[in-house]
Amino acid sequence: MSAPVVGRFAPSPSGRMHLGNAFSALLAWLSARSAGGEIVLRQEDLDPGRCRREYALQLEDDLRWLGLDWDRGGSAGGADYFQSCRTERYARALAELERQGLLYPCFCSRDALHAASAPHASDGTPIYSGACRGLTPEERAERARTRRPAIRVRVPDVEIAFTDGLQGDCRESLARDCGDFILRRSDGVYAYQLAVVVDDAEMGINQVVRGRDLLSSTPRQRWLQDRLGLPHPDCFHIPLLLAPDGRRLAKRERDLDLGALRAAGRTPEELCGLLACWAGLLARPERVAARELLPHFSWDRVRREDIVLHGDPLAPLEAG
Ligand code: GLU
């Protein structure tokens, strides 16, 4: 028998939840709950410049309002479920990678990294040239006098292949498509790639449901999991909600955040129906509670392609 599903909500509390975040949360919840599984809420608040405790509390309130519950974590779970309070664990993982001889300090400036000539990975980050990979100990010491380095991990020239539960077979050459990546920024903030791998393993997560924009992070995470002796969770990368110009719906689209939608009198049933229709689970945006969608849920029915929202994305609710 396969292990019970343990899924997760992993929001970044850097603003009010928007429809795209609600879409990920609904599908993660339906996937775990329809299999009789558990949900963990982890607040990904690593970036002190962007994340705030009040946003975390607001996110929890918005999830509950949508009808989505969790078994562990969030503020009721205490500091253990806030990444900003888990840095000792990330330091230990970094020390293990250091022991394996995989890390090096990188002194490159942001401008140098983002130079127009640098090739870019599919997620838009520049592929590192390797400029600091071969520095001698003397050169490192010299540079460290004027600059605090970021910590990078040296990736081998290997291809990582995996099967995504929704997007199918995927493969990426770590060296060519991604390059040596940062595990700790020069300001000391641990990178998402490291934190997510440590936390998913420690929290017993075996199913990851998240936006397709993070599909290209999966090879890096699988490779880190192997280096650290951690299991690979199953993954499902869901379509993104896009503005008509192809941009990802973001927290700056204020009129589509849950604050504005709730203030405009939208109900959780309206939003769940609309999100389920976009996902491919309902033919029309009916008014339904999240739990009423459980019998309709199957990954076979969830669409793979991104969803472009034209005009007023909530207009179908008036027609319905
Ligand atoms: N914290 C990330 C976000 O809000 C999600 C990370 C993940 O699901 O792995 O986009």
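This one's a predicted model, so the numbers in the text were calculated from it and none came from an experiment. Within any chain, residue numbers begin from 1 and follow the written order of that chain's sequence. Where totals are concerned, whole chains, interfaces and linings use all residues; where local detail is concerned, this predicted model gives features only for residues with pLDDT of at least 70, and gives and counts side-chain atom pairs only at 80 or more. Side-chain descriptors were evaluated using all non-hydrogen atoms of the structure, hydrogens and water having been removed beforehand.

Chemist: Any chance you could explain the nonpolar core here in plain terms?
Modeler: General note: in soluble globular proteins, nonpolar side chains tend to be found buried as a group. Residues enter a nonpolar core if they are buried and are Ala, Val, Leu, Ile, Met, Phe, Trp, Tyr or Cys, with the set joined through side-chain atoms within 4.5 Å. Residue burial is assigned from relative accessible area. The probe radius is 1.4 Å, only protein chains are included, and a residue is buried under 20% of its type maximum, exposed over 50%, and partly exposed in between. Core analysis: the largest hydrophobic core is formed by 49 residues, its most contacted members being Phe 9, Leu 19, Phe 23, Leu 27, Leu 68, Trp 278 and Trp 299. Secondary-structure elements contributing two or more residues to this core are helix H1 (19-34), strand E2 (38-41), helix H2 (53-66), strand E10 (234-238), helix H9 (258-263) and helix H10 (268-279). For helices the rule is a DSSP run of H or I covering at least 4 residues; for strands it is a run of E covering at least 2, with both sets numbered from the N terminus onward. The element that contributes the greatest number of residues to this core is H1, accounting for 10 residues. Residues are treated as being in contact if the distance between any of their heavy atoms lies within 4.5 Å. In this structure, Leu 27 is in contact with Val 209, Ile 238, Ala 279, Leu 281, Phe 297, Trp 299 and Val 302, ignoring residues within four places of it in sequence. Within the second largest apolar cluster, 25 residues are counted, among which are Leu 46, Leu 174, Ala 195 and Val 197.

Chemist: I keep staring at the site of the ligand and nothing clicks. Help me out?
Modeler: Throughout this document, a residue counts as near a molecule or strand when at least one of its heavy atoms sits within 4 Å of that molecule or strand. In the vicinity of the ligand, the contacting residues are Arg 8, Ala 10, Pro 11, Ser 12, Glu 44, Tyr 192, Val 196, Arg 210 and Leu 214. In protein, a polar contact requires one atom able to donate a hydrogen and another able to accept it; more generally it is a pair of N or O atoms within 3.5 Å, and residues adjacent in sequence count only if both atoms are side-chain atoms. Ser 12 places a side-chain nitrogen or oxygen 3.0 Å from a nitrogen atom of the ligand. At a separation of 2.9 Å, an oxygen atom of the ligand approaches a polar side-chain atom of Arg 210. For the ligand, whose accessible area on its own is 300 Å², the fraction buried by protein is 79%. In short, Shrake-Rupley with a 1.4 Å probe defines the accessible areas, and a residue's cover is counted only from the protein chains shown.

Chemist: Just checking my understanding: could you explain the environment of Arg 16 for this structure?
Modeler: Position of Arg 16 among the secondary structure elements: in the loop between strand E1 (6-9) and H1. Owing to a relative accessible area of 23%, Arg 16 belongs among the partly exposed residues under this scheme. Sequence separation of Arg 16 and Leu 258 is 242 residues, and the distance between their C-alpha atoms is 6.7 Å. Within the structure, the side chain of Arg 16 is placed 2.8 Å from the side chain of Asp 62, a separation counted as a polar contact.

Chemist: Help me out: how do you make sense of the pattern of salt bridges in this one?
Modeler: Salt bridge criterion: a side-chain nitrogen from Lys or Arg within 4 Å of a carboxyl oxygen from Asp or Glu. All chains considered together, the criterion is met by 29 salt bridges. For the salt bridge of Asp 177 with Arg 176, the shortest nitrogen-to-oxygen distance reads 3.7 Å. Residue classification places Asp 177 among the partly exposed residues on the basis of a relative accessible area of 28%. Residue classification places Arg 176 among the exposed positions, given a relative accessible area of 58%. Taking the shortest distance from any N to any O, the salt bridge between Arg 247 and Asp 245 comes out at 3.0 Å. A relative accessible area of 54% places Asp 245 in the exposed class. Several salt bridges converge on common partners, so that one network encompasses Arg 8, Arg 42, Glu 44, Asp 80, Arg 86, Arg 89, Asp 199, Asp 200 and Glu 202.

Chemist: What is the right way to read the sheet that holds strand E8 (residues 181-184) from this model?
Modeler: Whenever strands of a sheet pair, they do so through backbone hydrogen bonds, lying parallel or antiparallel. Paired strands are those between which DSSP finds at least two bridges. What the three strands build is an open sheet, ordered E4-E5-E8; its pairing is antiparallel. For this open sheet the edge positions go to strand E4 (103-106) and E8, each flanked by a neighbour on one side alone. Neighbour to neighbour, the strand axes of the sheet diverge by 45° on average, direction disregarded. Bridging between E4 and strand E5 (residues 150-153) involves four bridges; their strand directions are antiparallel. Within the sheet, the bridge partner assigned to Cys 106 lies in E5 and is Ala 150. Axis lines are fitted through C-alpha atoms, for helices just across the contact stretch, and the angle between N-to-C directions can take any value from 0 to 180 degrees.

Chemist: Could you clarify how one ought to interpret the packing of helix H7 (residues 192-202) against helix H8 (residues 218-228) in this entry?
Modeler: Relative orientation and spacing of two packed helices are given, respectively, by the angle between their axes and the distance between those axes. Orientation of H7 relative to H8, taken along the N-to-C sense of each, is 55°, at an axis distance of 10 Å. Comparing their axes, H8 and H7 come out oblique. When the axes of H7 and H8 are compared, the crossing they make is right-handed. Contact with H7, carried on its side by Tyr 192, Gln 193, Leu 194, Val 196 and Val 197, involves Arg 220, Gln 221, Leu 224, Gln 225 and Leu 228 of H8 and no other residues of that element. In these notes the angle categories are as follows: under 35 degrees is roughly parallel, over 145 is roughly antiparallel, 65 to 115 is roughly perpendicular, and the rest is oblique. Here a crossing is called left-handed whenever its near helix is offset anticlockwise from the far helix by less than a right angle, and right-handed whenever the offset is clockwise.

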